[in-house]
Amino acid sequence: MSIILASQNEHKVKEIQEYLGRIISLKKAPEALEVIEDGQSFQENALKKAQAYYDKFQTPTLSDDSGLILEAFPEILGIHSARFAPEFPEYSDKCQRVLDIYQEKKESYRQAYFICVLCYYLSPQEIYFFEGKSKGVIAEKLRGEGGFGYDPIFLPDAHPQSKSFAEDPEWKDSHSHRAKALESFREFLKTRS
Ligand code: IMP
């Protein structure tokens, strides 16, 4: 079976294809759709994306909605992660802005977590969700060149050498919030094959 990915984010597409590529055929959608992500949750936004692509291409669709939650400032990123600090087009500047907020507010509580919600839209009658989380802390400075988005400022608790996602993208591929959600999706696919 062939599934299309309701995402134009090359990094997400790569992480998803690397994880599932050997099991199922996953293709990037032939065209990018403008989906307004105004849902109140990751699940709602994942559904909006999957539904839009399914309606247009009439093919089973997998979408990913994800973001970083700063426990001290939950309203700043979260479901708004992609729209944070629009005055800075580069993610390195958005990351620095996050670090500046901790400085400005003299906040030392740096716990944070990433969430990834996958929506598998098989048909309007069959819609499934899979979720993964990564817990960690916000670094004091940007670290590493790999990954994407907020990876340089996130130090996952589970990393054996306390490296950021951006410093160890290979480790990220198999341990991240996305990897955990993809693992649940993979188990689900096995039960149906
Ligand atoms: P969306 O899910 O495409 O709406 O956007 C999610 C936002 O969170 C974007 O700003 C991404 O760059 C960021 N993001 C999502 N997943 C990750 C990740 O695995 N690492 C770093 N940033 C991420």
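Note: the structure precedes this text.
What counts, and at which threshold
- The residue numbering used here restarts from 1 in each chain and proceeds along that chain's sequence as written.
- Local features are withheld for residues below a pLDDT of 70 in this predicted model, meaning they are given only at 70 or higher, and side-chain atom pairs are given and counted only at 80 or more; totals for whole chains, interfaces and linings count all residues.
- The basis for the side-chain values is all heavy atoms of the structure; hydrogens and waters are excluded.
- A run of H or I in DSSP becomes a helix once it reaches four residues, and a run of E becomes a strand once it reaches two; helices and strands are each numbered from the N terminus.
- Each radius of gyration is computed over the set of C-alpha atoms, and the globule rule expresses the reference value as 2.2 Å times the number of residues to the power 0.38.
- For each residue, the accessible area found with a 1.4 Å probe, counting protein chains only, is set against the maximum for its type, and the residue is called buried under 20%, exposed over 50%, and partly exposed in between.
- We call two residues contacting when some pair of their heavy atoms lies within 4.5 Å.
- In this count, Lys and Arg are taken as positive residues and Asp and Glu as negative ones, while His and the chain termini are left out.
- Just so you know, the charge point we use is NZ for Lys, CZ for Arg, CG for Asp and CD for Glu.
- Strands are treated as partners if at least two bridges between them are detected by DSSP.
- Any residue with a heavy atom lying within 4 Å of a molecule or strand is counted as near it.
- Side-chain atoms alone can form a polar contact between residues adjacent in sequence; in general such a contact is a pair of N or O atoms within 3.5 Å, and within protein one must be able to donate a hydrogen while the other accepts it.
- Here the accessible surface of atoms and residues is derived via Shrake-Rupley with a 1.4 Å probe, and residues count as covered only by protein chains that are part of the display.
- The definitions used throughout rest on a 1 Å grid laid over the protein atoms alone, on which a cavity is an enclosed set of points accommodating a 1.4 Å probe that cannot get out and a pocket is an open set flanked by protein within 12 Å on both sides along at least five of seven lines; lining residues are those having an atom within 4 Å of a point.
- For a molecule to be placed in a cavity or pocket, more than half of its atoms must lie within 2 Å of the grid points of that cavity or pocket.

(A) Here's a closer look at the overall build of the chain. Counting secondary structure elements, the chain contains 5 helices and 6 strands. Computed over its C-alpha atoms, the radius of gyration of the chain comes to 17 Å, within 12% of the 16 Å expected for a compact globule of 193 residues. Taking the principal axes of its C-alpha atoms as reference, the chain extends roughly 50 × 35 × 25 Å. For the chain, with 193 residues in total, the buried portion stands at 47%. Sequence separation of at least 24 residues holds for 58% of the intrachain contacts in the chain that already meet a minimum separation of 6. A distance of 2 Å separates the average location of the 25 positive side-chain charges in the chain from that of its 31 negative side-chain charges.

(B) Layout of the pairing of strand E5 (residues 126-138). For strand E4 (residues 111-123) and E5, the ladder comprises 12 bridges, and the chain directions are antiparallel. Bridging from a neighbouring strand, Ile115 pairs with Lys133 of E5. Hairpin remark: E4 followed by E5, antiparallel, with 2 residues in the connecting loop. Note that E5 and strand E6 (residues 154-156) share 3 bridges and pair antiparallel. From the neighbouring strand, Ile138 faces E6, where its bridge partner is Phe154.

(C) Seen up close, the site of the ligand. Taken together, the neighbourhood of the ligand is formed by 18 residues, with Lys12, Glu37, Tyr91, Asp151 and Lys172 sitting nearest. At 3.4 Å, a backbone N or O of Ser81 approaches an oxygen atom of the ligand. Tyr91 is positioned such that a nitrogen or oxygen atom in its side chain is 2.5 Å from an oxygen atom of the ligand. Relative to its unbound accessible area of 490 Å², the ligand is 93% covered by the protein chains. Put simply, the ligand lies in the largest pocket. Elements represented by at least two residues in the shell around the ligand include exactly strand E3 (61-70) and helix H5 (177-192). Broken down by element, the shell around the ligand gets its largest block of residues, 4 residues, from E3.

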